Amino acid sequence: MSGFTNISFLVEPLESVFFGQPRSFNAGEAHRTNSVFPPSPFTFQGLVRSQLLRGASPVLNLDDWSTAARQERERLVGGPDALPAGWQLQGPFPARRVLQEDPDEEPWIEPWTPTPRFVLGEQRNPQLARLVQSPHPGLNDLDGAAQSLLPCGRPDAGTKVKPLEGWISPANLLAALTGQGAWQPKQHHRQHPPFVNWEYQPGLAIDSGSGSAEHGMLYFLNSLRFDRDSGLLGILQGALDPRLSLSALESATGSAGRKGRVVQFSGVERFHPAWETLMTGAHLPQAAEDNATFWLLALTPARLIEPLRLELNPPSGMRCELLAALTGRPVALGGYQMATGKSRANRLYVPAGSAWLLRFSGGTPADRAGFLQQLNNSHPLGPREEVAFGFGHTLVGLGPEQTKEIL
């Protein structure tokens, strides 16, 4: 194996792309469907591994599906259900390249993420959720350890305050996770980031024998059109086989989505300062007080058997207590395995943007701060084999104020 690498890259679609739903779509049976956005880590890891194989030297015959050829590809990039040992993929994050005023200054990449579910209210002036406590007894339909969970909200802002939804820039993400800095309404978009748009495309199934249109086989796809200098950000860490070249991810063309649309892979040298702050954990305290609260935010989906029972494994002598959970509606993910020609089982995942409020106690202030750094920009959620694909990627945010609402 070659040396350890940590490469960031942007996948820029040069034409509209379509990522299919985890279910069949046959013209005549179904007529309209929307692309998945963003594609799941399952889709993204397949795209990245295929691109690495295209750039292998000596050149591989990727149309050869013999047992020997498949085994050779697995030795290079792993099997359909696991990456090579030590590999970690992050993403995909919708992102755009932002040019600087100084033409000699390197542009930075600005990733966008789903709005954390503890950001409530309206785009112009959202509120951060707080733990709501009441001196009055009440009922709780949750069982077991979940009985101790408390609601989060902003009762001072009215009874109809809901999670903001949509997508936010790194600057707004930093403001949400620290409670500091000015929220920028224009850095929030409800359906897609501002550099991604729907493109409505009609299609007609063709009879393979006659080459003519099949009757009643008209269909419509809502595909994704990315603006110039935008695409999907990925980060790959691990030791690559000497036959694989980083240039395949730094400066090469490839294909993605339905019918293999053309994409450009380019290396990333610089990130938005707010993104750098969050990924390095510079926003977190160097000493965490006993019983301090923090948000654990999911940047990517995670498959959790029990979303209200997180297995975070704090160090001996430290306790991590779950106080509240804002997990959102689960999403079904599956997909097609090109390596096997079979479909993955559809399973339910906690969506990106979900958040859990945790209270940390025990240990020393430095111990607690160290554990927060371990949870930040890591993958503590979900099965280990899926974590390497990019699932369960988390950030840590400063906890909210507590308020007592008299009901």
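(A) Summary view of the overall build of the protein chain. Scanning the protein chain from terminus to terminus reveals seven helices and 23 strands. By the burial criterion, 46% of the 407 residues in the protein chain qualify as buried. Long-range contacts, defined as pairs at least 24 residues apart, comprise 75% of the intrachain contacts of the protein chain with a sequence gap of at least 6. In the structure as shown, the protein chain presents an accessible area of about 20,200 Å², 49% of it carried by carbon and sulfur atoms.

(B) How the structure looks around the packing of helix α3 (residues 170–178) against helix α5 (residues 273–280). Close contact between α3 and α5 brings their axes to 7 Å; oriented N to C, the two are set at 45 degrees. By the angle between their axes, α3 is oblique relative to α5. Remark: the crossing between α3 and α5 carries left-handed chirality. On the side of α3, the interface is formed by P170, A171, L173, L174 and L177, while α5 contributes A274, W275, T277 and L278. Partitioning the contact of α3 with α5 into residue classes produces eight nonpolar, one polar and no charged.

(C) Summary view of the sheet that holds strand β10 (residues 167–168). Strand order in the open sheet made by the three strands is β5-β10-β11, with antiparallel pairing throughout. Either end of the sheet is taken by a strand with one partner, and the two such strands are β5 (113–114) and β11 (188–189).

(D) Region of the structure containing the pattern of salt bridges. For the coordinates displayed, the defined rule picks out 14 salt bridges. Between E15 and R261 there is a salt bridge, and its shortest N-O distance comes to 3.9 Å. In this pair, E15 sits in the loop between β1 (4–13) and β2 (32–34) while R261 sits in strand β16 (residues 261–267), placing the two residues 246 residues apart along the sequence. By relative accessible area, which is 28% here, E15 ends up partly exposed. We note a salt bridge from D156 to R130, for which the minimum N-O separation is 3.7 Å. Of this pair, D156 sits in the loop between β9 (152–153) and β10 while R130 is found in strand β8 (residues 130–133), placing the two residues 26 residues apart along the sequence. Judged by relative accessible area, which is 51%, D156 ranks as exposed. When its relative accessible area of 17% is taken as the criterion, R130 is described as buried. When salt bridges that share partners are traced, they join E12, R97 and D229 into one network.

(E) The arrangement of the sheet that holds strand β15 (residues 251–256) in detail. Reading across the sheet, the six strands line up as β4-β3-β14-β1-β16-β15 and stay open at both edges, with antiparallel pairing between neighbours. Each end of this open sheet is capped by a strand with a single partner; those strands are β4 (108–111) and β15. Strand after strand, the sheet turns through a mean of 40 degrees between neighbouring axes, direction not considered. As paired strands, β1 and strand β14 (residues 230–239) are joined by eight bridges and run antiparallel to one another. Paired with S8 across the bridge in β14 is I235.

(F) Here's a closer look at the nonpolar core. Counting residues in hydrophobic clusters, the biggest one holds 39 residues, and the most contacted among them are F9, L52, W87, F226, L236, L244 and L249. The dominant element in this core, judged by the number of residues it contributes, is helix α1 (residues 41–54), at six residues. W87 has contacts with L52, L76, V77, L236, Q237, G238, A239, L240, L244 and A388, leaving out every residue within four places of it along the chain.

(G) Structural view of the environment of N376. The residue N376 is located in the loop between α6 (365–375) and α7 (384–387) in this model. Excluding residues within four positions of it along the chain, N376 makes contact with L278, M279, T280, G281, H283, L284, T394, L395 and V396. In this structure the side chain of N376 is engaged in a polar contact, spanning 2.8 Å, whose partner is the backbone oxygen of L278. Within the structure, N376 has its side chain in polar contact with the backbone nitrogen of V396 (distance 2.9 Å).

(H) View of the packing of aromatic side chains. Tallied over the full model, the rule gives 13 aromatic pairs. With a centroid separation of 6.4 Å and an interplanar angle of 50 degrees, the aromatic rings of F37 and F226 are classed as tilted. Residue F37 is located in the loop between β2 and α1, and its partner F226 is located in strand β13 (residues 213–226); the two are separated by 189 residues in the primary sequence. One exposure class covers both F37 and F226, and it is buried. The interplanar angle of 75 degrees and the centroid separation of 6.0 Å between the aromatic rings of F42 and F389 together place this pair among those described as edge-to-face. Of this pair, F42 sits in helix α1 while F389 sits in the loop between α7 and β22 (394–398), placing them 347 residues apart in sequence. Of the two residues, F42 and F389, neither departs from the other in class, the shared state being buried. In textbook terms, an aromatic cluster arises when at least three aromatic residues are bridged by ring pairs, as seen for F42, Y349, F389 and F391. Here R73 stacks its cationic end above the ring of W65, 4.6 Å away from the centre of that ring.

(I) Molecular detail of α1. Spanning 14 residues, α1 covers 20 Å between terminal C-alpha atoms, matching the ideal 20 Å at 1.5 Å per step. Those residues of α1 that sit buried are P41, F42, F44, Q45, L47, V48, R49, Q51, L52 and L53.

Cut-off values and rules
Numbers given to residues run from 1 along each chain, matching the order in which its sequence is written. In view of the model being predicted, local features appear only for residues whose pLDDT reaches at least 70, and side-chain atom pairs are presented and counted only at 80 or more, with totals across whole chains, interfaces and linings using the full set of residues. Calculated side-chain values reflect all of the structure's heavy atoms, with hydrogen atoms and water omitted. The helix and strand labels rest on DSSP assignments: H or I over at least four residues marks a helix, E over at least two residues marks a strand, and numbering proceeds from the N terminus. Residue exposure (1.4 Å probe, protein chains only): buried if accessible area is under 20% of the type maximum, exposed if over 50%, otherwise partly exposed. Residue contacts are counted whenever heavy atoms from the two residues lie within 4.5 Å of one another. In this description, accessible areas are obtained by the Shrake-Rupley approach with a 1.4 Å probe, and a residue is regarded as covered only by the protein chains that are shown. To get an axis, a line is fitted to the C-alpha atoms, and for a helix only the part in contact is used. The angle between two axes follows their N-to-C directions and goes from 0 to 180 degrees. Throughout this description, any angle smaller than 35 degrees is read as roughly parallel, any larger than 145 degrees as roughly antiparallel, any in the 65 to 115 degree range as roughly perpendicular, and the remainder as oblique. By convention the crossing between two helices is left-handed if the near helix lies anticlockwise of the far one by an angle smaller than a right angle, and right-handed if it lies clockwise. Lys, Arg, Asp and Glu make up the charged group, whereas Ala, Val, Leu, Ile, Met, Phe, Trp, Tyr, Cys and Pro make up the nonpolar group; the residues left over, Gly among them, are polar. Strands qualify as paired when DSSP identifies two bridges or more between them. The term salt bridge refers to a side-chain nitrogen of Lys or Arg lying within 4 Å of a carboxyl oxygen of Asp or Glu. Definition used in this section: a nonpolar core is a set of buried Ala, Val, Leu, Ile, Met, Phe, Trp, Tyr and Cys residues joined via side-chain atoms within 4.5 Å. Any pair of N or O atoms that falls within 3.5 Å is considered a polar contact. Within protein, one atom must be able to donate a hydrogen and the other to accept it, and sequence-neighbouring residues count only if both atoms are side-chain atoms. Only Phe, Tyr and Trp rings are paired, with Trp represented by its six-membered ring, and only when their centres lie within 6.5 Å; those with planes under 30 degrees apart are stacked, over 60 edge-to-face, the remainder tilted. The criterion is that NZ of a Lys, or CZ of an Arg, lies within 6 Å of the ring centre and within 35 degrees of the ring normal, and then a charge sits over that ring. Take the residue count of a helix, subtract one, and multiply by 1.5 Å to get its expected span.

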